[in-house]
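# Descriptive structure summary
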Amino acid sequence: MLCARCRKNEASFLYQKLVEGRVLESGLCASCHAEESPGVYIGDSPLASLFAYLGAPAQGKRRVRCEACGLSFSEFRKCGRLGCARCYDAFAGEMDEVLAQVHACSRHSGKCLPPRDPKELARAIEKAVAAESFEEAARLRDRLKRIEGD
Amino acid sequence: MLRYKMGWARPDGPEHAVVLSSRVRLARNFDDRPFPPRAADAELRAVLKSVFDAASKTRLRDAARISLADITPLERGFLVERKLISWGHASEPAHRGVLVGERDAASVMINEEDHLRLQNIDSGLCLDRLWREASAIDDDFAELLDFAFRPEWGYLTCCPTNAGTGMRASCLVHLPGLTATGRIESVLRSLDRLGVLVRGLYGEGTKVIGDFYQVSNRTALGRSEEEIVDSVTGVVRGLIAKEREAREELSGGDRKTRLEDLVYRSLGLLSHARLLTYEETMRHLSYLRMGLALEWKLPADLTTVNELLVLSQPAHIQMLAGKPLEERDRDFLRSTLLRRKLSGATEA
C-alpha cells in the first residue's frame, strides 16, 4: 500500500485524524507520519506490519486462487483482506507466514469453537478435564447435553 | 434515539478517574459465505437476516435491531459517536445492521468487515468481566450459526490482523497529567514493547484531542483471551499509576496555581462562550475533567462532564436540533448546551 500523503513510499503507519467529527484513517510512510504528528509517538500497528510484509517483493509464491470465492493470493497481497474463510485453506502454505509476521506467532491458543459431533465433543471434554480447564469442560458438557437433547 | 441510555459514560466504573471505558470486541464469520467486502448483495442480505433471526434465541433477544439502510445518515453518525458502529460500516449502509442491547452494554455490528463484531462496553477498567460477557453471547450465537474456525488459526477474519481470538480488548484512558508534564511521549514509547497499541484521537493538525487515548492489544493470535485481557489491564494499571503521579505533581506546590488557572479558565470558557468547536470543547472538558478527578470542589460534576464528552460530538448536536446543521450553527448549539449543563452549577 502506498502512502496516502506522498504517494511514493510504502505506508507503514496507520494514521487517524478527526475531520468534521469523523475519524479518517489512512496509511502513511514513516516520514509523512513524522511530519503529520511530530508531537506524539503512537507506534507501529499490526496493519502496518501486514502491509510492510505484503508490500515486500514476493519470493517463489505459488500462483494460487481460492476456489470458493475466486480471490487470488496476489489480489490478497494488494488489498490485505481475504475473501472468505476458505481462502485460509486455499492459501494454507502462505498463511502461516503471513500470520507469523503480523502476530509474531501463527498458532491459536485461545477459545475454541466447540465441535458439533458428539464423539468429538466427548473427546474435547476429556481433554479439558485433563488440562484442568473445568470451566471449559462444563461449557462443553452443556453443549453436549443440548446436542443430545435435540 | 437520543433517549438511548449508555452505561459506559457513567463515572462509576473501577478507576474511572483515569479510565473512561473498557471495550471487548470479538470478530466472527460464517464459514460458508464470502466476507462482507467480497459478498454480493444477496449474500449480505442473507447474513443480516440469519443474524437478526438468531439473535431472538440468544441473550440479546430484546436488543434493538437496526438496519442501517432504514435510518438517516445523521442517525448513522449518531450510532458511530455512540461507538455502536464504525464509519466504514455507516458509509455503506445497504444490508448492514446492528443489534443494540440495553444501555448499549452489548451490541453486534453485522456485515462490517466481518460478518459479526460482538462488542461489550462499560464504564471504567473492567475488561475481564466484559470478556466473560462477550464470550457468553458468542457461545449463544455459536450454537445457532456456523462460525469459521480452524484449530491451528482460531477464528478466521477478513483481515489477518484479527485472526485467532478475533479479539480487541481496549480501554479509553484520559491522560491530561502526563500530557501537561510532557511525559506522554516517553510513556507511550515505553508501551511499544508491551504488546499494546495506543491510538489518540487526532484533531486538525497534530494534537491529540482532549488527551484521550485508546490502549488495545496489538495482536490477536498466539495468546488466550484471558492473557490478552491481563496484559492490556496490566498496561492500563501502569498508565493509571503514572497519570496519578503526574496529577499529584501538578496539583502540589508552585504548580498548583498554574493548574487551577488552566482548569478554571476552561470552566469559564465552557460556561460562557457563544461558539464552541468540537475540538475546543474536548480540550477544555479534558482540563475540567482532570480538576474533578483530583476531587477539587468545582461547580460541575464528573457525570455531567462525561455526558458532555459524548453529547458535544457533531452528530449528537445535530440530533439534538433534529436536523443537519452547518458547522457554525453546530458550534452555537454546542455552546448553548454546555452553558445550560454547566450554568446551574456555576451560578451557585
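Bear in mind the structure is a predicted one, so any value in this text is a computation, not a measurement.

### What about the overall build of chain B?
The number of helices and strands found in chain B is twelve helices and ten strands. Over its C-alpha trace chain B gives a radius of gyration of 21 Å, about what one expects of a compact globule, namely 20 Å for 348 residues. Seen along its three principal axes, the alpha-carbon backbone of chain B occupies a region of about 65 × 45 × 35 Å. By the burial criterion, 61% of the 348 residues in chain B qualify as buried. A separation threshold of at least 6 residues defines the contact pool for chain B, and within that pool the share at least 24 residues apart is 70%. Chain B carries 50 positive and 51 negative side-chain charges, and their two centres are separated by 3 Å.

### A word on unusual backbone geometry
Residue and element names in this part refer to chain B. In the Ramachandran plot, His 95 falls in the positive-phi region, its phi being about 60° despite a non-glycine side chain. Counting through the fold element by element, His 95 comes out in the loop between helix H3 (87–91) and strand S3 (97–100). If you check the backbone angles, Asp 211 has positive phi at about 60° while not being a glycine. Looking at where Asp 211 falls in the secondary structure, it is placed in strand S10 (residues 208–217). Judged by its relative accessible area of 6%, Asp 211 is buried.

### Looking at a negative patch on the surface
A surface patch of like charges, here negative, comprises Glu135(A), Asp128(B), Glu226(B), Glu227(B) and Asp230(B). With three residues, helix H7 (residues 225–250) of chain B is the largest single contributor of residues to the negative patch. Here Asp128(B) shows up in helix H4 (residues 127–144).

### Focus: the nonpolar core
Nonpolar side chains in soluble globular proteins generally cluster together in the buried interior. All names here are of chain B. Ranked by size, the top nonpolar core spans 55 residues in total, and within it Val 24, Val 51, Leu 99, Leu 116, Phe 141, Val 173 and Val 236 carry the most contacts. Here this core gets eight residues from one element, more than from any other, and that element is H7. Those residues in contact with Val 24, other than ones at most four positions away along the chain, are Leu 118, Gln 119, Asn 120, Leu 127, Leu 130, Trp 131, Ala 134, Met 167, Arg 168 and Ala 169. Counting 31 residues, the second largest nonpolar core, distinct from the first, contains Val 263, Trp 296, Val 305 and Leu 338.

### Points about the confidence of the model for chain A
All names here are of chain A. With 73% of its residues at a pLDDT of at least 70, chain A reaches an overall mean of 78. Of all secondary-structure elements in chain A, the lowest mean pLDDT belongs to strand S1 (residues 13–19), at 58, while helix H4 (residues 85–90) reaches the highest, 96. Counting interchain partners and residues more than four positions distant, the pLDDT-below-50 stretch residues 38–42 has 16 contacts.

### Some remarks on the environment of Ala100(A)
When you line up the elements, Ala100(A) lands in helix H5 (residues 92–103). Filtering out sequence-adjacent residues up to four positions away, Ala100(A) remains in contact with Cys105(A) and Ser106(A).

### So, the state of the cysteines
Throughout this description, disulfide means a covalent bond between two cysteine sulfur atoms. According to the stated counting rule, one finds zero disulfides over all chains in the structure shown. The thiol sulfur of Cys79(A) is not disulfide-bonded, and the nearest other cysteine sulfur, from Cys158(B), lies at 7.7 Å. Unpaired in terms of disulfides, Cys159(B) finds its nearest cysteine sulfur in Cys158(B), a separation of 6.9 Å. Residue classification places Cys159(B) among the buried residues on the basis of a relative accessible area of 2%.

### Here we look at helix H10 (residues 302–311) of chain B
All names here are of chain B. In terms of burial, H10 is a largely internal element, eight of the ten residues being buried. Within H10, burial applies to Leu 302, Thr 304, Val 305, Asn 306, Leu 308, Leu 309, Val 310 and Leu 311. In this structure Asp 301 caps H10, since a side-chain oxygen of it lies 3.1 Å from the backbone nitrogen of Thr 303.

The rules behind the values
- Residues numbered from 1 in each chain as written.
- Chains lettered and ligands numbered in written order.
- Predicted model: local features only at pLDDT ≥ 70, side-chain atom pairs only at ≥ 80, totals over all residues.
- Heavy atoms only, no water.
- Helix = DSSP H or I, 4+ residues; strand = E, 2+ residues; numbered from the N terminus.
- Rg over C-alpha atoms; globule rule 2.2 N^0.38 Å.
- Buried < 20%, exposed > 50% of the residue type's maximum accessible area, 1.4 Å probe, protein only.
- Contact = heavy atoms within 4.5 Å.
- Lys, Arg positive; Asp, Glu negative; His and termini not counted.
- Charge placed at Lys NZ, Arg CZ, Asp CG, Glu CD.
- Patch = residues over 30% accessible without salt bridge, like charges linked within 9 Å, V, L, I, M, F, W, Y side chains within 5 Å.
- Areas by Shrake-Rupley, 256 points an atom, 1.4 Å probe, with all protein chains shown as cover.
- Salt bridge = Lys/Arg side-chain N within 4 Å of Asp/Glu carboxyl O.
- Core = buried A, V, L, I, M, F, W, Y, C linked by side-chain atoms within 4.5 Å.
- pLDDT = per-residue confidence, 0-100.
- Disulfide = S-S within 2.5 Å.
- Polar contact = N/O pair within 3.5 Å; in protein donor to acceptor, adjacent residues only side chain to side chain.

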